[in-house]
Every structure is written in structure tokens, then in C-alpha cells.
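Descriptive analysis of the structure
One letter stands for each residue in the lines below.
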Amino acid sequence: MIDLTAHRTMGLRDAVQADENIALTVVVHALALQVFYPAWGTWTPLQLRLGVTGLERLAPGVSDSPAGRRVADRLEAWGARLPEEARDLWAVLMTVPPSDLLDLMACCAGVGLYAVRDPHDRKPDALAHAETLATATGLDMTGTWTATAASYFSRVSKARVLEAVTEATTPEEAGRIAGFKKGDMADAAERLVEGKGWLPSVLRTVSDAAEPEAPEPEGEATEPPAADDDAYRFAAE
């Protein structure tokens, strides 16, 4: 039985490779099972595994960001089009045009991405490819994240706050708040960078035309990073 089904498996591999439309449906079927049917069991022979990791515990409120809402809206729209039972998914997908299958595949692939910088789970090659994806998609985080006292300035060192204000405005503006207490400085920095489109280096996207830069160290050369920098680095990256 094992050897005969091994031959049949090889036959299936050959047949699917020869039919790109079926191949697309096979891949989308496997992805959609894992995204929309959490207790999906083994409804496909395709050995394709997709992990979907929640981000809310790492960055509370991220699901309510503009990007988070768009991701949720796409999932909701596709969920309404798919059958309630996983066993019925294949038959439904066989009636879906290829352009819609590609849209569903993009929806599933997107929600499976994980590019969080976790010091306890270092995956440098995966993170490097995340940067490549950001460049390929033209990711612009100014449309979904804004530097505020709560989201950034109150969570990093005063030196980094002043650096951000300098980059977003002028050294003179940064100098005016240099003597402020931390809370007041964070509030002032929020007002000064508002509407400037400033992003910390970890959220910036390198363009195809630009030379990739080495990751910017989170600490300052002349000032060791404060404890709140370390805490924020773990949460934000």
C-alpha cells in the first residue's frame, strides 16, 4: 500500500505541475484552510504550513491602526464568501476565477507574515527578507503609524527624543526643549513632529535606488541606552 500510494503521489505531483490553474487552487486551498478554519484538520495533501501570530499582545492597539483595520476588513470580506465547513472549501474555490484566487492568496499570505524583532527568537535571514519585502511593496509606515508621546517619545531616552526632533525639524527646535523634564519633552516633541512624517529607523523603508544601510544602533555612542529604550526596543521591534 505504501509503495503504490507513493507512485500515486508522484503522479499527482506531475499532474498538478502540469496544470497551473489547479496548482494555484491547491495552494490557495491549503492557505485558506489555515487562516479561516483554525481547527482545519488535514483537508489537503499539500505540505504547506502557515503560521498566523497575533500582534496585539506585543503592541496593544496595533489591530486598530489603519493597516490593522485594512487587514481585518479583507479577512472579513473573504470570510463572508467562503463556506462554513472546511470540507466544502475546495468545491467553492474551484468556481472562483483565478484573479480572485490570487486576491485570496494575497490575503492569506499577508496575514501570515511575522517580522517582529524579538531578542529571544533571532531570525536574521527572515528579518532581512522582511526588509526586501518592504522595499518591493513600497511600504510607507507614515500612513499607519505616528510618533506621539504615548507611542514613542515617552518610551525612549531624552537623547533619542532630541535626535528625532532634530531630524524632523531643526537643531534649534530640539535645543529649545533640551532642558525639559521627560514628560514635558515627550509632549513637546509630539507637537513639533506632528505632520512631518518622521519615523524611527526601524520603521523606515529603503528604496530600490538607495544603498541599504546598516541597522541603526538603538543606543547612543556618547550615552548608554536608558532602561526605557531597552523596554521599548523589545516591544516595538
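Numbering of residues starts from 1 in every chain and runs along the sequence as written. Local features in this predicted model are restricted to residues whose pLDDT is 70 or higher, and side-chain atom pairs enter the listing and the counts only when it is 80 or higher, whereas totals over whole chains, interfaces and linings include all residues. Side-chain numbers come from the whole structure's heavy atoms, not from hydrogens or water.

Moving on to the side chain of Q34. If you trace the backbone, Q34 turns up in helix 2 (residues 20-36). Polar contacts, as used here, are pairs of N or O atoms within 3.5 Å; protein pairs need one atom able to donate a hydrogen and one able to accept it. Residues neighboring in sequence count only if both atoms are side-chain atoms. From its side chain, Q34 meets the backbone oxygen of A30 in a polar contact 2.9 Å long. A polar atom in the side chain of Q34 sits 2.9 Å from the backbone oxygen of L48. Secondary structure counts use DSSP, requiring at least four H or I residues in a row for a helix and at least two E residues in a row for a strand, with both numbered from the N terminus.

Criterion for a disulfide: a pair of cysteine sulfur atoms within 2.5 Å. Within the structure shown, the criterion is met by zero disulfides. Unpaired in terms of disulfides, C107 finds its nearest cysteine sulfur in C108, a separation of 5.5 Å. Of the residues examined, C108 reaches a relative accessible area of 0% and is grouped as buried. The buried label goes to any residue with under 20% of its type's maximum accessible area, the exposed label to any with over 50%, and the partly exposed label to all in between, with areas taken from a 1.4 Å probe on protein chains only.

Quick look at the packing of aromatic side chains now. Aromatic rings from Phe, Tyr and Trp, taking only the six-membered ring of Trp, are treated as a pair when their centres fall within 6.5 Å; an angle between ring planes under 30 degrees marks them as stacked, one over 60 as edge-to-face, and anything in between as tilted. Summed over all chains, the structure comprises four aromatic pairs. Both rings, one in Y152 and one in F153, keep their centres 5.5 Å apart while their planes meet at 80°; by these two values the pair is edge-to-face. A residue is classified by how much of its surface remains accessible, and Y152, at 3% relative accessible area, is buried. Ring centres of F153 and W198 lie 6.2 Å apart, and the angle between their planes is 25°; on these two criteria the pair is classed as stacked. Separated by 45 residues along the polypeptide, F153 in the loop between helix 6 (124-137) and helix 7 (158-168) and W198 in the loop between helix 9 (182-193) and helix 10 (227-236) bring together distant segments of the chain. Residue F153 is classed as buried on the basis of its relative accessible area of 0%. With relative accessibility at 12%, the residue W198 sits in the buried group. Joined through ring pairs, the aromatic side chains of W145, Y152, F153 and W198 make up one cluster.

A few words on the packing of helix 2 against helix 5 (residues 98-111). Two numbers describe a pair of packed helices, the interaxial angle and the distance between the axes. As a rule, the C-alpha atoms of each element are fitted with a line to give its axis, helices using only the stretch in contact, and angles between N-to-C directions run from 0 to 180 degrees. Packing of helix 2 against helix 5 leaves a shortest axis separation of 9 Å and a crossing angle of 40°. As the angle between them shows, helix 2 and helix 5 are arranged oblique. Judged by the sense of rotation from one axis to the other, the crossing of helix 2 with helix 5 is left-handed. Here N21, L24, T25, V27, V28, L31, A32, V35 and F36 of helix 2 lie close against helix 5, whose contacting residues are P98, L101, L102, L104, M105, C107, C108 and V111. Any angle between 65 and 115 degrees counts as roughly perpendicular, while under 35 counts as roughly parallel, over 145 as roughly antiparallel, and the rest as oblique. If you view the pair so one helix is near and one far, a crossing is left-handed when the near helix is turned anticlockwise from the far one by less than a right angle, and right-handed when it is turned clockwise. Two residues qualify as a contact provided that any one of their heavy atoms is within 4.5 Å of a heavy atom in the partner residue.

So, about the environment of L50. Tracing the backbone through its elements, the reader meets L50 in the loop between helix 2 and helix 3 (66-81). Once residues within four sequence positions are removed from consideration, L50 is found in contact with L31, Q34, V35, C108 and G112.

With that settled, the discussion passes to the pattern of salt bridges. In the sections that follow, a salt bridge refers to a side-chain nitrogen of Lys or Arg positioned within 4 Å of a carboxyl oxygen of Asp or Glu. Under the definition given, this model contains six salt bridges. Residue R81 pairs with D100 through a salt bridge whose shortest N-O separation is 3.1 Å. Here the residue R81 occupies a position in helix 3, and D100 occupies one in helix 5, the gap between them amounting to 19 residues. A salt bridge links E85 to R87; its shortest N-O distance comes to 3.4 Å. E85 sits in the partly exposed class, given a relative accessible area of 39%.

Bringing the confidence of the model for the protein chain into the picture now. How sure the predictor is of each residue is captured by pLDDT, a score from 0 to 100. On average, residues of the protein chain score 88 in pLDDT, and 87% of them are at 70 or above. Averaged pLDDT values over the elements of the protein chain bottom out at 41 in helix 10 and peak at 98 in helix 3. Note on residues 211-237: pLDDT is under 50 here. Beyond four places in sequence and across chains, it has 46 contacts.

Now for the packing of helix 7 against helix 9. Following both chains from N to C, one finds helix 7 and helix 9 inclined at 20°, their axes separated by 10 Å at the closest point. If you check the angle between helix 7 and helix 9, you find them roughly parallel. Judged by the twist between their axes, the crossing of helix 7 over helix 9 is left-handed. The segment helix 7 lies against helix 9, with K158, V161, L162, A164, V165 and A168 engaging K182, M185, A189, L192 and V193. In this count, Pro and Cys sit with the nonpolar residues alongside Ala, Val, Leu, Ile, Met, Phe, Trp and Tyr, while Asp, Glu, Lys and Arg are called charged and the others, Gly among them, polar. Residue composition of the contact of helix 7 with helix 9, grouped by class: nine nonpolar, no polar and two charged.

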